[in-house]
Amino acid sequence: MPSLRTPAARLALASLLAPALLPLALQAQRPDPLAAEIDRRAKAIAPRVIEWRHDIHRNPELSFQETRTAALVADHLRKLGIEVRTGVGGNGVIGVLKGGKPGPVVALRADMDALPVTELADVPFKSTVRTVYNGVETGVMHACGHDMHVAILMGTAEVLAGMRDQLPGTVKFVFQHAEEGSNGGGGAKPMIEAGALEAPKVDAIFALHVGPGPLGHVDYRPGATAASTDNFRIVVRGKQTHGAYPSAGVDPLVVGAQILLGLQTIVSRQMDLAQAPLIVTVGAFNGGLRENIIPDTAVMIGTIRTLDPAMRTDAHARLRRTAEQIALSAGARAEVTISQGYPVTVNDAALADFLGPVLRRTVGTDRVSLSQPGLAAEDFSYFLEKVPGVMFSLAVTPTAVDWRTAASNHSPYFVGDDAALETGVRLMSNAAAEYLR
């Protein structure tokens, strides 16, 4: 083999290779025809996606009550020639789009339910729906952006249905009810139990969630991205007596106060927070009826949140031990009940690595970033326990609003900009199409 140490030799070799490399270079510069078609179709359907979003926003439905929304979704999917299943695990809807060639199965998920929140945001499609929730009259509002999620996935279904002959595999559209179901009682788990990830078996799943941020910006992360959420209830049983003679009884309020402070040491002194964050919060502490009567019982309720499954189990054991032993030391008794909620939402690392470049090609490298984990919870976590997947976020704060001070999800002032909907359709469509090929 001739030496390539001299400039002349290297130039000669380059001239020989140039004709062979030119087609590859041109191919790298040429726009991807599949992505270009997705962009064209997403732009064409954008006005209808906005209409769907406004309609869903005006007619919000609480968890486990999403009958109108489910019917709207199912009717749309059927018109696209997509195989539809309704009543999946409750009000869930599943659409199956078979591509023109054999290949893997990718699922796309959107949640459909609203919240018991009276809307205070000034938008022309404002919700005026009223209901009674936990005995209190309140409004109903899509304060977490699920109206946008549903409209985006409806648009994605139409885009991909129009390209089915080009898709090597199957897309499963999962419209999930009751994500906001409290204390682990959401819709993901019953949908899974009803076969949402089977027939055909899902190989990977993606979900998009909207929230505050620079309009059109996207973020994602591999690994834990949202926390587990568990509720606890501690009943401290003492001995009632006159407030003037505390030694004649056992004061559950004092014992409860000691327990409340003791619980704080679980986070501050017992757990290695360098491994993962942990929150133990007491949200209510009640007991007694009169100023001069020491009551029999005191009750506190709260939440435990973490991003590490092992830390979650450990925290449960420490909370129970702390409450019971402090009560025992004072001659009282603590009854501890821990109700498990949603597990940690863990994005698959390999799929996140795959998805990153897709997101960047779709919206631009400067509009995609790695996010920090949060201690909110998501029942998309149940899907991720069964199949690899990724949830990513799309920022939807209107440009006229400072996103740093914009109202957050679950606020009565939360507003998502319609301009983000087309971007959402492009993101979900590209994620599915790129995974299949």
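Check the entry above for the structure.
Residues numbered from 1 in each chain as written. Predicted model: local features only at pLDDT ≥ 70, side-chain atom pairs only at ≥ 80, totals over all residues. Heavy atoms only, no water.

**Student:** Explain the overall build of the protein chain to me, please; I cannot follow it from the model alone.
**Tutor:** Within the protein chain, the secondary structure is distributed over 10 helices and 18 strands. Dimensions of the protein chain, computed from C-alpha atoms along their principal axes, come out at roughly 100 × 60 × 45 Å. The buried share of the protein chain, taken over its 437 residues, is 50%. Contacts spanning at least 24 positions in sequence make up 82% of the contacts within the protein chain whose residues lie at least 6 apart. (Helix = DSSP H or I, 4+ residues; strand = E, 2+ residues; numbered from the N terminus. Buried < 20%, exposed > 50% of the residue type's maximum accessible area, 1.4 Å probe, protein only. Contact = heavy atoms within 4.5 Å.)

**Student:** Please clarify how unusual backbone geometry should be interpreted in this entry.
**Tutor:** Working note: non-glycine residues mostly have negative phi, and peptide bonds are mostly trans. With an omega dihedral of 5°, the bond running from A199 to P200 counts as a cis peptide bond. Tracing the chain through its elements places P200 in the loop between α5 (188–193) and β7 (204–211). Although it is not a glycine, A178 adopts a positive phi angle of roughly 55°. Relative to the helices and strands, A178 is located in the loop between β6 (168–176) and α5. Turning to its location among the elements, A199 is positioned in the loop between α5 and β7.

**Student:** Looking at this model, I keep getting lost on the sheet that holds strand β8 (residues 218–220). Mind explaining?
**Tutor:** Reading across from one edge, β1-β2-β6-β3-β7-β18-β8-β17 is the order of the 8 strands in this open sheet, with mixed pairing throughout. Both edges of this open sheet fall to β1 (83–88) and β17 (368–370), since each of them pairs with a single strand only. Averaged over all adjacent pairs, the angle separating strand axes in this sheet is 20°, with direction ignored. As paired strands, strand β2 (residues 92–98) and β6 are joined by 6 bridges and run antiparallel to one another. Counterpart to L97 in the pairing with β6 is V171. Set on the sheet, helix α4 (residues 146–161) makes contact with β2, β3 (101–111), β6 and β7; between it and β3 the angle comes to about 160°. (Pairing = 2+ DSSP bridges. Axes fitted to C-alpha atoms, helices over the stretch in contact; angles between N-to-C directions.)

**Student:** When you look at the nonpolar core in this model, what are you seeing that I'm missing?
**Tutor:** In a soluble, globular protein the nonpolar side chains are often hidden away together inside. In this structure, L108, V171, F173, F175 and F392 are the most contacted members of the largest nonpolar core, which totals 67 residues. Ranked by residue count, the leading element in this core is α4, at 10 residues. Ignoring anything within four residues of it in the chain, the contact list for L108 reads L153, T156, L160, V171, K172, F173, V174, F206, M428 and A432. The next biggest cluster of nonpolar side chains, apart from the first, holds 25 residues, and it includes V250, M300, I326 and V336. (Core = buried A, V, L, I, M, F, W, Y, C linked by side-chain atoms within 4.5 Å.)

**Student:** Got a minute to help me understand the sheet that holds strand β14 (residues 297–306) in this structure?
**Tutor:** Hydrogen bonds between backbone groups are what pair the strands of a sheet, and the pairing can be parallel or antiparallel. Here we have 4 strands laid out as an open sheet, ordered β12-β14-β10-β15, and antiparallel in their pairing. The open sheet is flanked by β12 (278–286) and β15 (333–339), the only strands paired with a single partner. Taking the axes of each pair of neighbouring strands and ignoring which way they run, one obtains an average angle of 20° across the sheet. Direction of pairing for strand β10 (residues 228–237) relative to β14: antiparallel, over a ladder of 10 bridges. What sits directly across from D230, in β14, is I304. Along the sheet, helix α6 (residues 252–270) contacts β10, β12, β14 and β15; its crossing angle with β12, the most-contacted strand, is approximately 165°.

**Student:** What am I meant to see in helix α8 (residues 349–363) here?
**Tutor:** For an α-helix the count is 3.6 residues per turn, leaving residues at separations of three or four pointing the same way. Along its 15 residues, α8 runs 21 Å from first to last C-alpha, staying within 8% of the 21 Å computed at 1.5 Å per residue. Taken together, the buried positions of α8 are occupied by L351, A352, L355, G356, V358, L359, T362 and V363. Buried residues belonging to α8 abut β7, β8, β17, β18 (389–395) and α10 (419–436). For α8, the N-terminal cap is D348; the gap from its side-chain oxygen to the backbone nitrogen of A350 is 3.2 Å. Positive phi shows up at G364, right after α8, with a value of about 110°. (Expected span 1.5 Å × (residues − 1). Polar contact = N/O pair within 3.5 Å; in protein donor to acceptor, adjacent residues only side chain to side chain.)

**Student:** Help me understand the packing of aromatic side chains in this model?
**Tutor:** Two numbers describe a pair of aromatic rings. These are the distance of the centres and the angle of the planes. Evaluation of the coordinates by the stated rule reveals 5 aromatic pairs. With centroids separated by 6.5 Å and ring planes inclined at 35°, the aromatic side chains of F206 and F354 adopt a geometry described as tilted. Linking F206 in strand β7 with F354 in helix α8, this pair joins segments that are 148 residues apart in sequence. Of the residues examined, F206 reaches a relative accessible area of 0% and is grouped as buried. Pairing F354 with Y435 gives two aromatic rings, centres 6.2 Å apart and planes at 80°, and the pair type is edge-to-face. Residue F354 is found in helix α8, and its partner Y435 is found in helix α10; the two are separated by 81 residues along the sequence. F354 sits in the partly exposed class, given a relative accessible area of 26%. Relative accessible area serves as the criterion here: at 22%, Y435 is assigned to the partly exposed category. (Phe/Tyr/Trp six-rings, centres within 6.5 Å; stacked < 30°, edge-to-face > 60°.)

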